[in-house]
Amino acid sequence: MAESGPHTAAVAAESWLEVIDSDSPLLLIAPHGGRAEPRTRSMLNPKVNDLHTAEITRGLAARLGASALINVAMDRNRLDCNRLSQIIERAPWLLELIAERVDAMVARHGRVTVLLIHGWNIIEPRLDFGLGLRTLGGELRPPGSACVSACDDFINGPLAGLAERLHRHGIKPTYGMRYPGGGLQNLLQAFTARHRQSPNAALRSISEIATNGVIDAAQLELSVALRMPGELRARCEDAIAEVFSGNGSPDVARAPIAINRAPQPPVRSEIGAAATVAAPGRIGIEFYDPAARFGAMASFDVGGAGMGARIMMLFDQHRAALFTAEGRPTRSASAVTHGPLSMRREGESIVLAFRGPAVIVPDATAYLSIERALASGRLDGNTEVEMRFEIDRGGGEFDFDRILSSQGAAADALSSSVAFGRVSGKVCVDGASRAVNGFARAGMSFTGLGPQKFTARRMIWACFEADKAPRALEARSVATEDAPPNQSARILEAAGWSPCELRNLTIETPSVEEPPHRIVASLTRADGSSCELEGSVECFIPLSRPGPEQSRIYTSLGFASFSIGAHRGAGMFEYSRVADSVLTASDENEDSDSD
């Protein structure tokens, strides 16, 4: 598609915008290539900049001889170059630059292709195409009032060809799965007829040109694995360059994608009782080896509103490795799988397996800000996990297959569907292999338990091996604004599970950046005897995410050694709290992800 000709960089209207001009009919735009500013730290729920998209766009422009407008430094929290309303208000000259280039390209070549390079903060290798369309019932349809940004020939030609190449490279292509690019203020919609009545002259000009059917525009949402330097990024860039340079091998014949341009009827949202059903049904496994000081938690969303899977590993005291995926996992009678991550029953064992890319972050505390964590991390494309959990029937009936088919039933109804015991296997992270032999908990995911709306939540689980010690215990305390704390606990002993009174569960942290310095639980058994538990944190990760009603949820999550008298064991803890102001002292708290 690119034509030979001069390829020169011009001085931008602002220093944060890099402008590359050429005589090609291809225009590349990177709206979110900047970084968070210091002022962003004071924002409660800032947005994440699309790391690495500036250099990716610059590299593609050089390979394709394309024109490009690249945001290299502007924090999207100050000016979002993907929001038309903000551009018109704060940088109208940017729309004028785009309009001038689109007009000149159409005059010279008869039509223009526009690619907007974005980032999607999941880690699995995936590229989501934004066209103002979303896959629905085997066809592509515009959500809401979105206008489609490309012709059928472009979607079934270059874009379908790119999808095939990506698939061959082990990269999943999807159409509008997360970011269809259909919002009224989305920059992609400028390249449709949607704004032909706009009072802004530049926007109206672009939209009028689009009305003539001579603009094909697409939003390319690249996952983290496709943006961090490495083999997957190189494969993705090669595929894009092959398709839009016209130098790739001819595409094989394929069945055309069905495109229905009729607006999708609005769907009335359900509230009230249905909102409680939307909480994700999450199953998984957590394990910790005190000797290796290696812990991991993996989970799959199998019902409700959940749509994904993940595995997080904590090791070497401060390091973290993370893989995340989006979309419905694949389930069978005795297994659940999402891409390279799987959990399956084999007889009386449950096997957790993973072989794929993970982001390695040297200091887990960076995860108080997703942007800071990703900026400090690097991609390990060959992380491997193979762990076998032996189901201990001493805890009563544990039916893994029933949990898989639960359709995300409420966690309380399935609270008995948890097993504790030993786990063993091997992991390879960041090129280092290690044997792991530790304590584990499998079934309903630990972090998916309990009410999703709270002011504070404290939870622990612990495993022990000594004959006279409890085999395992769980304790949970959930505080809400309008009710006393909801406290529950139970102990697994030789005779099975028995409920306990939770008199106290204390998990105290000096700050959100530091691990808990004190974990204490006091329980009373049904026979009146007491159980006093103390914990010492061995590895942890602090997290923060947007909460309800303009709040923020801060979580301290990790693994600890536990003791009951002289008995030693290990397990996991969580302490989450809701805040209406920023609690971090020095991090950049950017973790709201949007296109």
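That block above? That's the structure.
Keep in mind that what you see is a predicted model, and the values were worked out from it rather than measured.

Participant: Mind showing me how you'd approach the overall build of the chain here?
Facilitator: A tally of regular secondary structure across the chain gives 10 helices and 29 strands. Evaluated residue by residue, the chain yields a buried proportion of 57% over its 595 residues. For the chain, the exposed area adds up to about 23400 Å²; of that, 51% sits on carbon and sulfur atoms.

Participant: Teacher, can you tell me more about the state of the cysteines here?
Facilitator: One way to say it: the disulfide is the covalent bond shared by the sulfur atoms of two cysteines. Overall, the coordinates contain 0 disulfides when judged by the stated rule. Cysteine 531 provides the cysteine sulfur closest to cysteine 500, a residue in no disulfide bond, and the two sulfurs are 7.2 Å apart.

Participant: Is there a simple way to explain the nonpolar core in this structure?
Facilitator: The tendency in soluble globular proteins is for nonpolar side chains to be buried side by side. Counting 114 residues, the largest nonpolar core has Phe129 and Phe244 as its most contacted members. Residues contacting phenylalanine 129, with those up to four places away along its chain left out, are Leu159, Leu162, Ala163, Leu166, Pro173, Thr174, Tyr175, Gly176, Tyr179, Gln219 and Leu220. By size, the runner-up hydrophobic cluster in this structure holds 36 residues, among which are Ile87, Val102, Met105 and Ile209.

Participant: Teacher, can you tell me more about the side chain of serine 445 here?
Facilitator: Among the structural elements, serine 445 can be located in the loop between strand 21 (432–444) and strand 22 (456–464). Take serine 445: its relative accessible area is 2%, and that puts it in the buried class.

Participant: Explanation requested: the sheet that holds strand 25 (residues 496–508) in the structure shown.
Facilitator: Pairing between sheet strands relies on hydrogen bonds along the backbone, with the strands arranged either parallel or antiparallel. Here we have 8 strands rolled up into a closed barrel, ordered 22-23-24-25-26-27-28-29, and antiparallel in their pairing. Looking at each pair of strands side by side, their axes are set apart by 25 degrees on average, direction ignored. Sheet topology places strand 23 (residues 472–480) next to strand 24 (residues 483–493); 8 bridges connect them, and they run antiparallel. Within strand 24, the position partnered with alanine 472 by the bridge is leucine 492.

Participant: Explain the pairing of strand 23 to me, please; I cannot follow it from the model alone.
Facilitator: On a regular strand, one side chain projects to one face of the sheet and the next to the other, so that they alternate. Among the 9 residues in strand 23, 8 count as buried, and that is most of the element. Pairing between strand 22 and strand 23: 8 bridges, direction antiparallel. Looking at strand 23, one finds that alanine 462 is bridged to leucine 473. Counted between consecutive antiparallel strands, the loop separating strand 23 from strand 24 contains 2 residues.

Participant: Which parts of the structure should I look at to understand the packing of helix 3 (residues 92–109) against helix 5 (residues 201–211)?
Facilitator: Across the interface, helix 3 lies against helix 5 with an axial gap of 8 Å and an inter-helix angle of 30 degrees. Comparing the axis directions of helix 3 and helix 5 gives the class roughly parallel. Along this stretch, helix 3 crosses helix 5, giving a crossing that reads as left-handed. Mapping the contact onto sequence places Leu95, Glu96, Ile98, Ala99, Val102, Asp103 and Val106 in helix 3 and Ala202, Leu203, Ile206 and Ile209 in helix 5. Counted by class, the contact of helix 3 with helix 5 contains 9 nonpolar, no polar and 2 charged residues.

Participant: Just to check I follow, could you spell out the environment of alanine 66 for this structure?
Facilitator: Mapped onto the secondary structure, alanine 66 falls in the loop between helix 1 (53–64) and strand 4 (67–71). On the accessibility criterion, alanine 66 (0% relative accessible area) is buried. For the pair alanine 66 and aspartate 21, spaced 45 residues apart in the sequence, the C-alpha separation amounts to 7.3 Å.

Participant: Explain the packing of helix 4 (residues 152–168) against helix 7 (residues 231–245) here, please?
Facilitator: Between two packed helices, what matters for the description is the angle formed by their axes and the separation of those axes. Across the interface, helix 4 lies against helix 7 with an axial gap of 9 Å and an inter-helix angle of 150 degrees. As summarised for this structure, helix 4 and helix 7 are arranged roughly antiparallel, according to the angle between their axes. Handedness of the helix 4/helix 7 crossing: right-handed. In contact with Phe154, Pro158, Leu159, Gly161, Leu162, Arg165 and Leu166 of helix 4, helix 7 contributes Cys236, Ala239, Ile240, Glu242, Val243 and Phe244. A class-by-class count of the residues in the contact of helix 4 with helix 7 yields 10 nonpolar, 1 polar and 2 charged.

Participant: I tried to follow unusual backbone geometry on my own but got confused; where do I start?
Facilitator: In most cases, non-glycine residues show a negative phi, while peptide bonds are predominantly trans. Here the phi dihedral of glutamine 317 falls at roughly 70 degrees; this positive angle occurs in a residue that is not glycine. Here glutamine 317 lies in the loop between strand 13 (308–315) and strand 14 (319–326). Even without glycine at this site, aspartate 430 takes up a positive phi of about 55 degrees. Secondary-structure assignment places aspartate 430 in the loop between strand 20 (418–429) and strand 21. Among the residues examined, aspartate 430 registers a relative accessible area of 24% and is labelled partly exposed.

Participant: Please explain helix 7 as it appears in this structure.
Facilitator: Three- or four-residue spacings in an α-helix give side chains the same orientation, since the helix completes a turn every 3.6 residues. Over its 15 residues, helix 7 extends 21 Å from the first C-alpha to the last, a length consistent with the 21 Å expected when each residue adds 1.5 Å. For helix 7, the complete set of buried residues consists of Leu232, Arg233, Cys236, Glu237, Ala239, Ile240, Ala241, Val243, Phe244 and Ser245. Looking at the residues trailing helix 7, positive phi occurs at glycine 246, about 75 degrees.

Participant: Sorry if this is basic, but what is going on with the pairing of strand 21 here?
Facilitator: Across 6 bridges, strand 11 (residues 281–289) lies against strand 21 in antiparallel orientation. Residue glycine 284 lies in a different strand from strand 21, and its bridge partner there is glycine 443. Once strand 20 ends, the chain turns through 2 residues before running back antiparallel as strand 21, passing aspartate 430 with a positive phi of about 55 degrees.

Participant: Got a minute to help me understand the pattern of salt bridges in this structure?
Facilitator: Two side chains that carry opposite charge are able to pair once their charged atoms sit near each other. A full pass over the atoms with the stated rule returns 38 salt bridges. Across the pair glutamate 100 and arginine 101 runs a salt bridge, and its minimum N-O distance is 3.7 Å. By relative accessible area, arginine 101 is classed as buried at 14%. Note that arginine 344 is salt-bridged to glutamate 346, the shortest N-O span being 2.7 Å.

Participant: Even after reading the chapter, I still don't get the packing of aromatic side chains, so can you show me in this structure?
Facilitator: Two aromatic rings are characterised by how far apart their centres lie and by the angle between their planes. Counted under the stated rule, the structure contains 10 aromatic pairs. Centroid distance phenylalanine 129 to tyrosine 175: 5.1 Å. Interplanar angle 45 degrees. Geometry classified as tilted. Taken together, the residues span a long stretch of sequence, with phenylalanine 129 in strand 6 (residues 126–130) and tyrosine 175 in strand 9 (residues 172–175) at a distance of 46 residues. The class for phenylalanine 129 is buried, based on a relative accessible area of 0%. Looking at tyrosine 175, the relative accessible area reads 13%, which means it is buried. An aromatic cluster is defined as three or more aromatic residues linked by ring pairs; in this entry it consists of Phe287, Phe294 and Phe315. Across from the ring centre of phenylalanine 439, 4.5 Å away, lies the NZ or CZ of arginine 422, which sits over that ring.

The rules behind these values
Residues numbered from 1 in each chain as written. Predicted model: local features only at pLDDT ≥ 70, side-chain atom pairs only at ≥ 80, totals over all residues. Heavy atoms only, no water. Helix = DSSP H or I, 4+ residues; strand = E, 2+ residues; numbered from the N terminus. Buried < 20%, exposed > 50% of the residue type's maximum accessible area, 1.4 Å probe, protein only. Areas by Shrake-Rupley, 256 points an atom, 1.4 Å probe, with all protein chains shown as cover. Disulfide = S-S within 2.5 Å. Core = buried A, V, L, I, M, F, W, Y, C linked by side-chain atoms within 4.5 Å. Contact = heavy atoms within 4.5 Å. Pairing = 2+ DSSP bridges. Axes fitted to C-alpha atoms, helices over the stretch in contact; angles between N-to-C directions. Parallel < 35°, antiparallel > 145°, perpendicular 65-115°, else oblique. Left-handed = near helix turned anticlockwise from the far one by under 90°. Nonpolar A, V, L, I, M, F, W, Y, C, P; charged D, E, K, R; others polar. Expected span 1.5 Å × (residues − 1). Salt bridge = Lys/Arg side-chain N within 4 Å of Asp/Glu carboxyl O. Phe/Tyr/Trp six-rings, centres within 6.5 Å; stacked < 30°, edge-to-face > 60°. Lys NZ or Arg CZ within 6 Å of the ring centre and 35° of its normal.

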